[in-house]
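Analysis of the macromolecular model
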Amino acid sequence: MSEQSPTGPGGQPPVEEDRSESGGAASGGLLGGLTDRFSGAISQVAAAGALIVVFVVLSIIAPSFLTADNLFNLGSQTSVNAVMAVGVTLVIITGGIDLSVGSVAALSGVLGVMLMADFGFNPLVGILGGLVVGAAAGLVNGLLVSTVGLPPFIATLGMLSVARGLVLISTGAVAVFGAPESFRLLGQGVIGPVPIPVLMIVVVAVLGHLVLTRTRLGRYSYVMGSNSEAARLSGVPVRKHTTWVYVLSGMLAGLGGMIAASRINSGQPNFGEGLELDVIAAVVIGGANLFGGRGTVLGSLIGAFLVAVIRNGAVQLNIGTFYQNVLIGVIIWLAVWWDRYQRRKLAGDVG
């Protein structure tokens, strides 16, 4: 099937399916698209406003929050989630989900460090090895979804368990040490006053934005997420592009795992447990629609920084991890509720 640009009657994009609970019927292409984009923009503005408010409040009530060391740590901590969130954004735009990113990041980090510690490869090869491991896991996810026909939730839930099991098997549940000191540069180095992990966020964000806005993969991802069947009938190679978005998500999870491993110069088998919660929360808070068809890299970055600032501030205020998880879960509820409320309001279904 040829890879032509999807069009409907009159050269317009195929009609988008209204996936909100309030709508029963499909929304008209132009009206539905404008409503969806405006709702997404409102969600992004709300997330940015919340980020500013939380940042200001923590600056006041937590004296150590604005210190240079803490801000440096905050940027490094955010880099892992932010890089992974860019990949998950692509998946969610297509209407899928990737629950495996935390375990894939751990597997990539451990095996990447093992390439350096046990086989003597230099850090560049170790980092590339971690990316290849992540991409391979993403390829399996993508094929299970696009070719085997498993629901994304089931496919990636299975990969979550498989990758975590492989981490424990390969390490014997023991941390892997012995990477060269130069490996620390990826997670701890600086160029001038800017931490290298923050530069990684910028590079990945720019590339992710270009993919979404300047390539067929990005354009088709939005169409597939809005109406997969219409995309297929319009000539979009749905299987191929679905596979690719999971490969990219896995590869960026691998990069996140290597950044995290570099920060402590070791591969930790327990890294990433529950990390998928923070990553998916960042994407949803940033305005992506869990049913597909909407999402931006900028929004996901805002969400990633909001989650990171909340967790960092909680540490500054001696709030335990268990309470942090409760808070993040509540924020996810509020983000999804706000998104649906705005969509219904824009559609004229609420006052």
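Residues numbered from 1 in each chain as written. Predicted model: local features only at pLDDT ≥ 70, side-chain atom pairs only at ≥ 80, totals over all residues. Heavy atoms only, no water.

Tracing the chain through its elements places Gly287 in the loop between α11 (275-285) and α12 (297-316). Counting along the chain gives 246 residues from Gly287 to Ala41, while the straight-line C-alpha distance between them is 7.2 Å. (Helix = DSSP H or I, 4+ residues; strand = E, 2+ residues; numbered from the N terminus.)

A few words now on the packing of aromatic side chains. Here the distance between the centres and the angle between the planes together describe a pair of aromatic rings. For the coordinates displayed, the defined rule picks out four aromatic pairs. Judged by centre distance (6.4 Å) and plane angle (50°), the rings of Trp337 and Trp338 are tilted. For Trp338, a relative accessible area of 30% gives the class partly exposed. On the basis of an interplanar angle of 35° and a centroid distance of 6.4 Å, the ring pair of Trp338 and Tyr341 is categorised as tilted. Of this pair, Trp338 and Tyr341 both sit in helix α13 (residues 321-346), three residues apart, roughly one helical turn. (Phe/Tyr/Trp six-rings, centres within 6.5 Å; stacked < 30°, edge-to-face > 60°. Buried < 20%, exposed > 50% of the residue type's maximum accessible area, 1.4 Å probe, protein only.)

Tracing the backbone through its elements, the reader meets Thr156 in helix α5 (residues 152-171). Here Thr156 falls in the buried class, since its relative accessible area comes to 0%. When sequence neighbours within four positions are dropped, the list of residues in contact with Thr156 reads Ile97, Asp98, Leu99, Ser100, Asn141 and Tyr246. (Contact = heavy atoms within 4.5 Å.)

Tallied over the full model, the rule gives three salt bridges. Between Glu229 and Arg232 there is a salt bridge, with the nearest N and O atoms lying 2.5 Å from each other. Of this pair, Glu229 and Arg232 are both found in helix α9 (residues 228-233), three residues apart, which corresponds to roughly one turn of the helix. Judged by relative accessible area, which is 41%, Glu229 ranks as partly exposed. (Salt bridge = Lys/Arg side-chain N within 4 Å of Asp/Glu carboxyl O.)

Quick look at unusual backbone geometry now. The phi angle of most residues is negative, glycine excepted, and most peptide bonds adopt the trans form. Although it is not a glycine, Ala173 sits at a positive phi angle of roughly 65°. The residue Ala173 is located in the loop between α5 and α6 (184-188) in this model. The residue Asn265 is not glycine, and still its phi comes out positive at about 50°. Among the structural elements, Asn265 can be located in the loop between α10 (238-264) and α11.

Moving on, we come to α5. Over its 20 residues, α5 runs 28 Å from end to end, which matches the ideal 28 Å to within 8%, given 1.5 Å per residue. If you check which residues of α5 are buried, you get Ala155, Thr156, Met159, Ala163, Arg164, Val167 and Thr171. Axial view of α5: buried residues confined to an arc of 160°, hence all on one face. On the buried face of α5, the contacting elements are α3 (101-117), α4 (123-148) and α10. Immediately beyond the C-terminal end of α5, within one or two residues, lies Gly172, with a positive phi of roughly 65°. (Expected span 1.5 Å × (residues − 1). Arc of directions from axis to C-beta.)

A few words now on the packing of α4 against α10. Two numbers describe how α4 lies on α10: the axes approach to 6 Å, and their chain directions differ by 145°. Considering the relative orientation of α4 and α10, their crossing is right-handed. Here the contact of α4 with α10 is built from residues that sort into eleven nonpolar, eleven polar and one charged. (Axes fitted to C-alpha atoms, helices over the stretch in contact; angles between N-to-C directions. Left-handed = near helix turned anticlockwise from the far one by under 90°. Nonpolar A, V, L, I, M, F, W, Y, C, P; charged D, E, K, R; others polar.)

Glancing now at helix α8 (residues 216-226). Within α8, eight of the eleven residues are buried, which leaves the element mostly enclosed by the surrounding structure. Looking only at α8, the buried set comprises Leu217, Gly218, Tyr220, Ser221, Val223, Met224, Gly225 and Ser226. Tucked inside the fold, the buried residues of α8 contact α2 (68-93), α7 (196-214), α9 and α10.

The next thing to look at is the packing of α4 against α5. Each pair of packed helices gets described by two things: the angle between the helix axes and the distance between those axes. The N-to-C vectors of α4 and α5 enclose an angle of 150°; their axes lie 9 Å apart at closest approach. Between α4 and α5, the crossing angle belongs to the class labelled roughly antiparallel. The interaxial crossing formed by α4 with α5 has right-handed handedness. In this structure, α4 contributes Ala137, Val140, Asn141, Leu144 and Val145 to the contact, and α5 contributes Pro152, Ala155, Thr156 and Met159. Of the residues in the contact of α4 with α5, the class split is seven nonpolar, two polar and no charged. (Parallel < 35°, antiparallel > 145°, perpendicular 65-115°, else oblique.)

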